[in-house]
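Next come the chains, spelled out residue by residue.
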Amino acid sequence: MSDQSTNSIAFVRTQEVPSMPPPYTAAGPIRWMRENLFATPLNGLLTLVALYFIYAILSGTLPWIANGIWDSPSLAACRDMLDGASGACFAVLTERWHQLLFGFTYPSDIYWRPTLAFVLFFFAAAPVLFFDLPRKLLVFTGLFPFIAFYLIWGGSVFTPLLALVGVLAGYFVYARYVASNFAVGFLGGIISAALVWWLGGFVIPEHEITEGAMRSVPSRDLGGFMLNMMLGVTCVSLSLPIGIALALGRQSDMPFIKYICVVFIEFVRGVPLITLLFVASVMLSYFFPPGSGVDLFIRVVIMITLFASAYIAEVIRGGLAALPKGQYEAADSLGLDYAQSMRLIILPQALKISIPGIVNVSVGLFKDTTLVSVISMFDLVGMIRGPILASTEWNGVYWELFGFAALLFFVTCYGISQYSQWLERRLATDHR
Amino acid sequence: MTTLTDAPEGQFRLSMLLSDTRYRSLTLQAIAAIALALAIFYLGNNVAKNLAALGLNINFEFLGAPAGYDINQRLIEYTSQSSNFRAALVGILNTLLVAFLACTMATIIGVLAGVLRLSNNWLVRKLMSFYVEIFRNIPVLIWIIIIFTIMTAVLPGPRAFRGDDATSSMLFDAIAFTNRGIYIPAPVWGAGSLVVVLTFVLSVIGVFAYRRYATKLLYDTGRLLPMMWPSIAIFFVPTLLVFFVMGMPIGLEYPELKGFNFKGGIKIGGPLIAIWFALSIYTAAFIAENVRAGIQAVSKGQTEAAAALGLRSGRIMSLVVLPQALRVIIPPLISNYLNITKNSSLAILVGYADVTATLGGITLNQTGRAIECVLLLMLFYLVISLSISAVINVYNNAIKLKER
Amino acid sequence: MKKSVIFGAMTVAGLAAGAAAAGTLEDVKARGKLNCGVTTGLVGFAAPDANGEWEGFDVAVCRAVAAAVLGDGSAVEFVPTTGKTRFTALASGEIDMLARNTTWTFSRDVDLKFTFVGVNYYDGQGFMVPKELGVSSAKDLDGATVCIQTGTTTELNLADFFRANNISYEPVPIETNAEAQQQYLAGACDVYTTDASGLAATRATFEAPGDHALLPEIISKEPLGPLVRHGDDAWGDVVRWTLNALITAEELGVTSANIGEMAANTNNPEVARLLGTEGNLGEMLGLDAGWAKAAIMVGGNYGEVFAKNIGEDTPIGLSRGLNAQWTNGGLIYSPPFR
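Keep in mind that this is a model prediction, so the values were computed, not measured.

### Structural notes on the overall build of chain B
Reasoning step 1: Of the regular secondary structure elements, chain B holds 12 helices and seven strands.
Reasoning step 2: In terms of overall dimensions, chain B is more spread out than a globule: its C-alpha atoms have a radius of gyration of 29 Å, far above the 22 Å expected for 404 residues.
Reasoning step 3: Its C-alpha atoms put chain B at 95 × 70 × 45 Å along the principal axes.
Reasoning step 4: Counting across all 404 residues of chain B, residues that qualify as buried make up 44%.
Reasoning step 5: Counting only contacts in chain B whose residues sit at least 6 apart along the sequence, the fraction spanning at least 24 positions is 64%.

See below:
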C-alpha cells in the first residue's frame, strides 16, 4: 500500500493535513459563551436577565462599600463625613467589634482567653473530623472541655480539675468493668464520677484556694459571637450522647422505653425552638428546687441540648437503619450481647455514616442559636438589636451591622457545610 | 452457656431479673418507669413548692377575660373587648395563613431555583448556587430582620403619594406599593355577579374535563389534541362573554389615599409580606437543594431513553423525570413545610400578629401568666406538627405500596 | 456559689441544696452582689455605655440599693430582661429587685403578687408625630398607623384611648425601641407611641429632632417604680426606704457633694436621722447606720440622679414636671424619716 502511494500516483499526501484551527466563533471564550450562555434564545434571555440582576446589585453595593468610613465616633459624625454621598459607616464595626464578638460585659483585658479557647477548639475538633490524624490526639479533645471552661469562665483552677478527676475516675471504672458487663461499667463509672465530685465539693470551697485562679467571669457576661459559638459547640457535644441513647431507645424492643423515646422526640421536634427558649426563660426556673437559682445560660443550654438531641437522634436512627441487617445478625451470631454488639459493631459504623447528617443538624442548630436574642441574651444579633442600636451614637446603623453578622455566620456555616460535603464524598468511596 | 444451665421453671431467683432474658426487658422497663415517675414527681413537686412559695397558681381563667389590645390583621371578628382566647384564635389563624402562603411561594421559588441550578446556562447556574448557599448559611432570624428593613427602607411611605409633587405613584392607578403593605383593588359584587362567578367555576371545571378527555384520547388512540390554547379559551371566553352580557356586574374598588392611609381595596399588610417573603425565600433555598437532588437521583438513562423515544425536553421533564423525582422530593419538602410553620413563630420580630405574638407575646406580657401561655403555645404547635407528620406518614406509606 | 451551680447542673441538679429560702436581704449580703433586673437597653433609663458599664435612671436605683446593703454601688449584677421575662425573673428569684420602667398596676400588685415599693418616675403614654403631618392633637389621628413599643401597658392604653374617642387606627407592635424607631422614621407608621419619657429619649437620638413633635395628650398614668416579690417585707422595706432616702435627701438639700459636711455638723434632726448620726434607723432595717449615706454617695440624691441621666442638660432633656419635689409642685414625696 505504501509503495503504491509513493510511486504510481503523482500527488498523494504522505501526512495528514494539520487540522485547521476552528473558526474563531467556535473556539475559545466565544465558543464557551455560545455553549454556556447563549445556547438558545431563552437561554440568552436568561443570561441577560441574570447580568442585569448582578449589575443592579453590584452597582448599588460596591460604591457603598468603597465609600465606607472606617473611623468615626458616631453615626452623625460619619454622615457628616460622607456629606450626602452614599457610603457605609463601617466605623461602627471598628468601634464596637469587641462587643460584637465578646459581648459588652466581658472584661476587655482578658479577650485572649476566649480567643485562645477558640484556637484550641480547632485542635480539639480536628481528630474528630479528620479520621487520618493520629488517634492519640483524641486525648486533647477529651481535655478540651475542661481547658475551655477554665479559659472562658476563669475562677479557681480546681473546679475544672475536679471535674476532670471525676471524669477520669468514671472512665477508669468504666474501662475496668466494661469488658465483663457493660451495665456495671457504665453505672459504676457514673457513680464514681459523681462520688468524686461530691467529695471534691467538700474539699474545695473550704479552703477558698485562690492560687491558680484566673479572674472569674459570670456566664451572664458572655455575649456576642462568642456566645453563639459556645452555645453551638456545647449543645451539639452534649446532645450527641443523648441523641444516641434516644435513637437506640427508639429502636428498642421494649415498648415502654420505645414509647418514652418516641414521645420525647416527636414532642421536641414538634415545637419551635423559640417556645423552648421561652420555657428556658420563663418556666424552667420553677422546675428546680426552690432557691437553687440556676442561671439563664445553663437553662438555655439545657433546652437547646434537648432540642438538638431529638434531631440528632433522628439522624442516628437513619444511620442505624441504613446498616445492612447482616451486621446485626453477624454480631448476634458471634454471641455478643446487646451492649457489646452496639458498642463494637453497630454504633461505630452507624455513627460514621451519620456524620454528614449530624454536621447538617449542627449547622442548623448553630444558626438557631441566634434565637436567644429574643429572650434577652446578648448574642451577636442580640448585641446589635439591643445595646448597639439603642446607643445614642449608633442608633440607625442597620446594613453594616447585619451585613457583618451575616458574613460571620456565612463564613462559619459555609465552611462546615463544605467539610460535610467533602466527608460525604469520602465516605461514599470508603464503602465501595 | 445460659441455654445449658437454664434453671427449671418455678425456681425463681432474684438475680434472674437481670440475667434471664425472659425477665430482663421487663425489669429494665420497670426501672425506667420508676425513674420516669420519680423525675415527674420531683419536677412537679418543685413546681408546686415554688408556686406555693410565691402564692401563685396555675389557672386558665385569663383566657376568658377581655384582651384589651387591638390586632392589626385579623381574619375573624375581633375587637379589643374580645377575650384573650379569641385573640389567641386570631393569632392561630394568622399563623396558619402565613404558613400556607409561605409554603406555596417557597415551593414555587424552590422548584424554579432547583431546576435552574441544573440549567445549561453557566451564569444562571452559578447565580442559583450563590443564592442557595447564601440563604442556607445565614440564620433565618437575620434574614427576617434584613428583609423587613429592606422593605421599610426601599418602599415609599403613603406620604410619598400625596400632593402634587408626589414622588411615588400607583401602578396602573390601581395598586399601591407602600412600606405599610400593598394595596390592591377589591372586587365589588353587583347584581348578577353570581352568574358570572358560576360561569367561571363551570369553565374551570370545563378546562379539567377537556384535559382529561385529551389525555384519555391520547392513551386510547394515540391522537394528540392541542392542550394549551383550548384550555386558555375555555378558561377565559365564557366568563368574559357572560360578564359583558350581564352588563359588567363586577366592579373594582380602587384604593385611594385618604387621611393617613390608603382606604378601600384590599390591604396586604407590610409585616405579613415581610415574614411571608423572608420565610419563602429562605426555605426555598432548602427546597431548591431537594429538587436538584431529586432530579439528579433519576438516572440519566431515563432521560436518554425518553429522548430516544422522541419526546421533547419539556415532555421528558413532565412525563418521565418529574414523576420519578417527586418520590425523592416530597418527603423532605413536607418537612420543610413543617419548618416554615415553626419558623413563622419569628413573626414576632416584624410585628405580625401570629400566635406567638398574641398568646405568647402581648397576652403573656399583660396578664403575666407565663406558664399557662407557653404551655398553650407549645400545645398548638405540637398539634400542627403532628398533623403534618401524619400526612408525611400517609404519603410515605402510599409510595411504598406503589414501589414494587 | 458558681461551683455548686456548675456541679449542680452536672449532677442533674439533684443534690442542690433545697434549704428553705432565707430572706432576700440575707441572700444578698451572703452573695455580696445585688441582682437587679433592668431593660435590655433604653437610653437614659438603663443602657450599657460604650465600655459596657450600665448607666441610667433605673440603674441608679439599683446602685443605691447595692450601696445601702453592701456598701458598694458597683456590687450589682445587672440582669437584662424583656417585657416577657421580667416578671418570671423576679418571681423565680433570679433577680432580687426589678427596676425596669414597670408600671404599677392593680393586677400586677395583687394578682401577680409583686410589691411596688414606690414611684421613681411619673410617666404617661404619649404620641410622637412628624411635624409635616400637621397633626396637633391625638384626636386627629383617625385612621393612622401607630407603631407601639410593646412592654409596659402601652397596647392596652392605646386601645382604650381610641375606643373612648371612637376613632380607628392600625397598631404595629414592635419589640425593641430601635426597630420601632426605624419603622417610624421610614414612614411605615404615622405615629410612634410609648411612655412620654421614652419618646423624648428616642427623639433626642434622631438626626433632626426638630422635625418631630410630641402631641399634648398624655393618655395614661404610668407610675414607674422598682418592685420586689410579695411576702418578703424586710427586703421590700430596704428597697422602699433607699428610694425614699434619695428623695428625702433632695428635699433636705443633701447632695453627694456636701454629704460629708452635712453628716458631720447638721442642726436638722431629720438629716441626722437620715445620715445615721442620730437614732438607729439603719439597725431597724438590718443595715449599717450609714446605709442612706452610702446610697446617696453613689449617684447623688434623687435630683442629681435625674439631672445626670435624663435631665434637661442631657440629650434626653426631660424637665422635672410631675417629677419635681412636692415642695415645687411635683408629685415626688417621701414619708418622713422618723
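Structure shown, so let's carry the discussion forward.
### A short note on the confidence of the model for chain A
Interpreting fine coordinate detail is not advised for predicted regions of low pLDDT.
Reasoning step 1: When pLDDT is averaged along chain A, the result is 84, and 94% of the positions lie at 70 or above.
Reasoning step 2: Across chain A, element-level confidence peaks in helix H10 (residues 224–251) of chain A with a mean pLDDT of 92 and bottoms out in helix H1 (residues 2–7) of chain A with 53.

### Observations regarding the state of the cysteines
Residues and elements named next belong to chain A.
Reasoning step 1: Taken as a whole and assessed by the stated rule, the structure comprises three disulfides over all chains.
Reasoning step 2: Here Cys78 pairs with Cys89 through a disulfide, and the sulfurs are 1.9 Å apart. Where Cys78 bonds to Cys89 through sulfur, the torsion about that S-S bond is close to -95°, and the disulfide is left-handed. In this pair, Cys78 is assigned in helix H4 (residues 75–82) and Cys89 in the loop between H4 and helix H5 (91–102), connecting sequence segments 11 residues apart.

### Some points on the packing of helix H11 (residues 255–270) of chain A against helix H2 (residues 21–54) of chain B
Reasoning step 1: Relative to each other, H11(A) and H2(B) sit at 40°, their axes nearing to 8 Å. Judged by the angle between their axes, H11(A) and H2(B) are oblique. For the pair formed by H11(A) and H2(B), the contact residues are Pro255(A), Phe256(A), Ile257(A) and Ile260(A) on the first element and Leu28(B), Gln29(B), Ala32(B), Ala33(B) and Leu36(B) on the second.
Reasoning step 2: Grouping the constituent residues of the contact of H11(A) with H2(B) by class yields eight nonpolar, one polar and no charged.

### Considering the interface of chain A and chain B
Reasoning step 1: Contacts between the two partners involve 53 residues from chain A and, on the opposite side, 55 residues from chain B.
Reasoning step 2: Together, the buried faces of chain A and chain B total about 4700 Å²; carbon and sulfur atoms form 77% of this surface.
Reasoning step 3: A per-residue breakdown of the area chain A buries against chain B is headed by Tyr286(A), Lys367(A) and Trp399(A), which together make up 14% of the total.
Reasoning step 4: Summed over the shared surface of chain A and chain B, the number is zero salt bridges.
Reasoning step 5: Of all the elements in the fold, those that place two or more residues in the side of chain A that touches chain B are helix H2 (28–36), helix H3 (41–66), H11, helix H12 (273–283), helix H15 (338–368), helix H16 (380–390) and helix H17 (399–431) of chain A.
Reasoning step 6: Considered class by class, the residues forming the side of chain A that touches chain B number 39 nonpolar, nine polar and five charged.

### Examining empty space enclosed by the protein
Reasoning step 1: This model, assessed by the stated rule, comprises eight cavities of 30 Å³ or more.
Reasoning step 2: Considering only enclosed or pocket space, the largest cavity measures out at about 680 Å³ in volume.
Reasoning step 3: Lining the largest cavity are 43 residues, with Arg100(C), Gln149(C), Thr150(C), Glu175(C) and Thr176(C) sitting closest to its centre.
Reasoning step 4: Mapped by element, the contributors of at least two residues to the lining of the largest cavity are H16 of chain A, helix H11 (355–367) of chain B together with helix H6 (154–164), strand S10 (169–174), helix H7 (177–185), strand S11 (191–195) and helix H8 (196–204) of chain C.
Reasoning step 5: When residues in the lining of the largest cavity are grouped by element, the largest group, five residues, is from H16(A).

### Here we look at the interface of chain C and chain B
Reasoning step 1: With 45 residues of chain C at the contact, the number on the chain B side is 38 residues.
Reasoning step 2: Counting across the interface, chain C meets chain B through three salt bridges.
Reasoning step 3: Here Arg180(B) makes a salt bridge to Asp190(C), at a shortest N to O gap of 2.5 Å.
Reasoning step 4: Taken together, the links from chain C to chain B amount to 11 residue pairs in polar contact (both at pLDDT 80 or more).
Reasoning step 5: Elements with a contribution of two residues or more to the side of chain C that touches chain B: helix H4 (86–91), strand S9 (144–149), H6, S10 and H7 of chain C.
Reasoning step 6: Here the side of chain C that touches chain B takes six residues from S10(C), the largest share from any one element.
Reasoning step 7: Grouping the amino acids of the side of chain C that touches chain B by side-chain chemistry returns 19 nonpolar, 11 polar and 15 charged.

### Some words on the packing of aromatic side chains
Residues and elements named next belong to chain A.
Reasoning step 1: Applying the stated criterion across every chain yields a total of 49 aromatic pairs over all chains.
Reasoning step 2: On the numbers, 5.9 Å between centres and 65° between planes, the contact of Trp64 with Phe90 is edge-to-face. Of this pair, Trp64 sits in helix H3 while Phe90 sits in the loop between H4 and H5, placing them 26 residues apart in sequence. Judged on exposure class, the residue Trp64 and its partner Phe90 are both buried.
Reasoning step 3: Note on Phe410 and Tyr414: the rings are 5.2 Å apart at their centroids and 10° apart in plane angle, and the pair reads as stacked.

### Re the sheet that holds strand S1 (residues 176–178) of chain B
All names here are of chain B.
Reasoning step 1: An order of S1-S2-S7 is seen for the three strands of this open sheet, with the pairing classed as antiparallel. Across the chains shown, the open sheet's two edge strands, defined by having one partner strand only, are S1 and strand S7 (266–269). Strand after strand, the sheet turns through a mean of 15° between neighbouring axes, direction not considered.
Reasoning step 2: Relative to S7, strand S2 (residues 181–184) runs antiparallel, the two being bridged by four bridges. Bridged to Ile184 within S7 is Ile266.
Reasoning step 3: Packed on one face of the sheet, helix H8 (residues 270–297) meets S2 and S7 and runs near 55° to S7.

Thresholds applied
Residues numbered from 1 in each chain as written. Chains lettered and ligands numbered in written order. Predicted model: local features only at pLDDT ≥ 70, side-chain atom pairs only at ≥ 80, totals over all residues. Heavy atoms only, no water. Helix = DSSP H or I, 4+ residues; strand = E, 2+ residues; numbered from the N terminus. Rg over C-alpha atoms; globule rule 2.2 N^0.38 Å. Buried < 20%, exposed > 50% of the residue type's maximum accessible area, 1.4 Å probe, protein only. Contact = heavy atoms within 4.5 Å. pLDDT = per-residue confidence, 0-100. Disulfide = S-S within 2.5 Å. Axes fitted to C-alpha atoms, helices over the stretch in contact; angles between N-to-C directions. Parallel < 35°, antiparallel > 145°, perpendicular 65-115°, else oblique. Nonpolar A, V, L, I, M, F, W, Y, C, P; charged D, E, K, R; others polar. Buried area = accessible area lost by both parts, 1.4 Å probe. Salt bridge = Lys/Arg side-chain N within 4 Å of Asp/Glu carboxyl O. 1 Å grid on protein atoms, 1.4 Å probe; cavity = no way out; pocket = protein on both sides within 12 Å on 5 of 7 lines; lining within 4 Å. Points joined across faces, edges and corners; volume = space filled by probe spheres on them. Polar contact = N/O pair within 3.5 Å; in protein donor to acceptor, adjacent residues only side chain to side chain. Phe/Tyr/Trp six-rings, centres within 6.5 Å; stacked < 30°, edge-to-face > 60°. Pairing = 2+ DSSP bridges.

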